[in-house]
Amino acid sequence: MKTTRAGDWMDVNPNLSEMDFTQFHLRVSTERYHAREYLMRERERLWMRVWQIAGRANEIPEAGDWMEYRLFDQSWILVRGRDAKIRGFVNSCRHRGNQLCRGRGNTARFTCRYHNWTYGLDGQLLAVAKPDFDAPLEEFVGAKQDLGLLDVPVECFGGFIFLNPDRNAAPLAEFLGGAADALAPYHLEDMVPVGLNVRERLECNWKVVMDAFGEGYHTQGVHPQLISVVNLGQERFHRYRDHGVSTAPFGAPALAAFDAERQVEAYMKLPTDSFPGFIDVLPRFAARVDRFRDPAGALNFPPGTNARFLLQQATRDTLTAKGLDVGGLTDCQMIDYQFWLFFPNIFIQVCAGETTIIMVEPDPEGDPNRCFWRVMFMQFLPPEQRAAQYTPLREIPEGEHFPYFLALEQDFEQMPVQQTGLRNSTLGHLVLTKQEPRVAHFHAALDRWIK
């Protein structure tokens, strides 16, 4: 009996050309990209109510490790307790509201520097300076157990720390829906950032970033060197509540019509700066290909065999040989990237063994024409290699720029150009095509939150 896997949708969902687009609104108002009033509605109706990624669990690995998460003018503390659980608290002393801490660090307890009120890692009030000056504290402000730090919902999935500012929020599992099951076989929780872990300011609205990474339609104009990488003519789309994901075969659109040698050559010439995980697979891929060469070196594939299938098997072999579990992934998931818009502000490009994550934050000062992004390239590595290859977060100072690999650099340059165009007051709306279902789905979800 064939095992059903979460990635089976990649083989059965309709191509974009076969989809029913009557469910989507293909016109999107431009005010949401540049109007400060709209950003303030987002602040109250979306950001203060939605589950959002506040960091990686491995950024606070030990008891007492903490880090601040900031959004607009709001601030929370994420801390790992002695029981290993990660908790979230409003970053304000319960006495007079003084901010407790900034940045990140490690502590045995949180002490407010204003009047020395002290809290445990679980948020409970431990001590108050001069508690019996006139009478017990309880006679004036209440019992100690009622004066702990204000907690907020915090849960973990895939190695990410999710926080919701709404203390009455539904559980994270309800928000994730089927997306959790779909992503679980990739083992995101066991991936670490390698080589790229950067946070930098962008001169565009945060939704411009989500739109840019929500479609491959712009490849022909912005990334011509990647045209041979993904077969957008066979792109498929799937929805999980507010989240959307698409995929397309990894390889040139005409690859199936190539002879065996040209098929192999097309994969061997892929730009490894954009796909560094591919480098480890090449030796096994070449070895599998060579099995089909005759004594003279000519390459011929028998029926049912092609370079795509051999690359899939070489990828599975490579990862399995490292002791990594890829048993929950289909053959397509070995090499075909899934492109997620993880609502509201996360882009995930993932295939077996690796992922690129882009997390976008609105401008903390409320400027709708600016935002921050954090970009991470993460790899699924054996446990003994993770610490040595871990790349810590690098904050890029205002006025400086981090040199990304070519495709990402092209996006970095393009997005502010679009923001400039979107600010033209006569342009009341933008138009989406049937090549952009993830973008249409994202804006439909946004409308439901902002209504």
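Residues numbered from 1 in each chain as written. Predicted model: local features only at pLDDT ≥ 70, side-chain atom pairs only at ≥ 80, totals over all residues. Heavy atoms only, no water.

**Some words on unusual backbone geometry**
Step number 1: Between phenylalanine 343 and proline 344 the backbone carries a cis peptide bond, its omega angle lying at 5°.
Step number 2: Residue phenylalanine 72 is not a glycine yet carries a positive backbone phi of 55°.
Step number 3: Within the secondary structure, phenylalanine 72 sits in the loop between strand 3 (65–71) and strand 4 (74–80).
Step number 4: Here the phi dihedral of arginine 241 falls at roughly 55°; this positive angle occurs in a residue that is not glycine.
Step number 5: With respect to the helices and strands, the residue arginine 241 is situated in the loop between strand 14 (236–240) and strand 15 (243–247).
Step number 6: Looking at arginine 241, the relative accessible area reads 52%, which means it is exposed. (Helix = DSSP H or I, 4+ residues; strand = E, 2+ residues; numbered from the N terminus. Buried < 20%, exposed > 50% of the residue type's maximum accessible area, 1.4 Å probe, protein only.)

**Side note on the state of the cysteines**
Step number 1: Applying the stated rule across the entire model yields zero disulfides.
Step number 2: The thiol of cysteine 156 is unpaired, and the distance to the nearest cysteine sulfur, on cysteine 101, comes to 18 Å.
Step number 3: Here cysteine 351 stays unpaired: no disulfide links it, and the sulfur of cysteine 332, its closest cysteine neighbor, is 12 Å away. (Disulfide = S-S within 2.5 Å.)

**Section: the nonpolar core**
Step number 1: Val209, Trp340 and Trp373 are the most contacted members of the largest nonpolar core, which has 122 residues in total.
Step number 2: With residues up to four places along the chain from it excluded, the contact list for tryptophan 340 reads Ala179, Ala182, Leu183, Tyr240, His243, Gly244, Val245, Ile346, Phe347, Ile348, Val350 and Arg438.
Step number 3: Ranked by size, the runner-up nonpolar core spans 16 residues in total, among them Phe89, Phe110, Cys112 and Leu121. (Core = buried A, V, L, I, M, F, W, Y, C linked by side-chain atoms within 4.5 Å. Contact = heavy atoms within 4.5 Å.)

**Section: the side chain of aspartate 65**
Step number 1: Along the chain, aspartate 65 turns up in strand 3.
Step number 2: An unpaired buried charge is present at aspartate 65: no salt bridge exists, and arginine 80, the closest side chain of opposite charge, is 6.1 Å distant.
Step number 3: Side chain to side chain, aspartate 65 and asparagine 106 meet in a polar contact 2.7 Å long.
Step number 4: Among residues more than four places away in sequence, those in contact with aspartate 65 are Ile60, Leu78, Val79, Arg80, Gly105 and Asn106. (Lys, Arg positive; Asp, Glu negative; His and termini not counted. Salt bridge = Lys/Arg side-chain N within 4 Å of Asp/Glu carboxyl O. Polar contact = N/O pair within 3.5 Å; in protein donor to acceptor, adjacent residues only side chain to side chain.)

**Quick word on the sheet that holds strand 19 (residues 371–380)**
Step number 1: An order of 14-15-16-17-18-19-13-20 is seen for the eight strands of this open sheet, with the pairing classed as mixed. The two strands at the open ends of the sheet, each matched to only one other strand, are strand 14 and strand 20 (394–395).
Step number 2: Pairing of strand 16 (residues 338–342) with strand 17 (residues 346–351), which is carried by five bridges, proceeds in the antiparallel orientation. Across the sheet, residue leucine 341 finds its bridge partner in strand 17, namely phenylalanine 347. (Pairing = 2+ DSSP bridges.)

**Comments concerning the pairing of strand 13 (residues 191–202)**
Step number 1: Burial analysis of strand 13 places 11 of its 12 residues in the buried class, the great majority of the element.
Step number 2: Summarising the sheet, strand 13 and strand 19 pair through 10 bridges and their orientation is antiparallel. Within strand 19, the residue paired with glutamate 200 across the bridge is tryptophan 373.
Step number 3: By the bridge criterion, two bridges tie strand 13 to strand 20 in an arrangement that is parallel. Directly across from arginine 199, in strand 20, lies its bridge partner glutamate 395.

**Structural notes on the pattern of salt bridges**
Step number 1: Using the criterion set out here, one finds 24 salt bridges in the structure.
Step number 2: Across the salt bridge formed by arginine 70 and glutamate 68, the nearest N and O atoms sit 3.8 Å from each other.
Step number 3: Across the salt bridge formed by arginine 370 and glutamate 203, the nearest N and O atoms sit 3.0 Å from each other. One end of the pair, arginine 370, is in the loop between strand 18 (354–362) and strand 19; the other, glutamate 203, is in the loop between strand 13 and helix 6 (206–212), with 167 residues separating them in the sequence.
Step number 4: Judged by relative accessible area, which is 39%, glutamate 203 ranks as partly exposed.
Step number 5: Connected through salt bridges with shared partners, the residues Arg201, Glu203, Asp363, Arg370 and Glu398 form a single ionic network.

**A look at helix 14 (residues 437–450)**
Step number 1: For helix 14, which comprises 14 residues, the first-to-last C-alpha distance of 20 Å matches the rise-based estimate of 20 Å (1.5 Å per residue) to within 8%.
Step number 2: Burial within helix 14 is extensive, with 11 of its 14 residues counted as buried.
Step number 3: By the burial criterion, the buried members of helix 14 are Pro437, Arg438, Val439, Ala440, His441, Phe442, His443, Ala445, Leu446, Trp449 and Ile450. (Expected span 1.5 Å × (residues − 1).)

**Re the environment of cysteine 156**
Step number 1: Turning to its location among the elements, cysteine 156 is positioned in strand 11 (residues 154–157).
Step number 2: The contacts of cysteine 156, once residues within four sequence positions are left out, are Ile86, Ile161 and Leu172.

**Topic: the sheet that holds strand 6 (residues 104–106)**
Step number 1: Reading across the sheet, the five strands line up as 6-3-4-5-10 and stay open at both edges, with antiparallel pairing between neighbours. Two strands close off the open sheet at either side, each with one partner strand: strand 6 and strand 10 (151–152).
Step number 2: Taken together, the three bridges between strand 3 and strand 6 define a ladder with antiparallel strand orientation. Along strand 6, the bridge assignment pairs aspartate 65 with asparagine 106.

Keep in mind that these numbers describe shape and distance, not what the molecule does.
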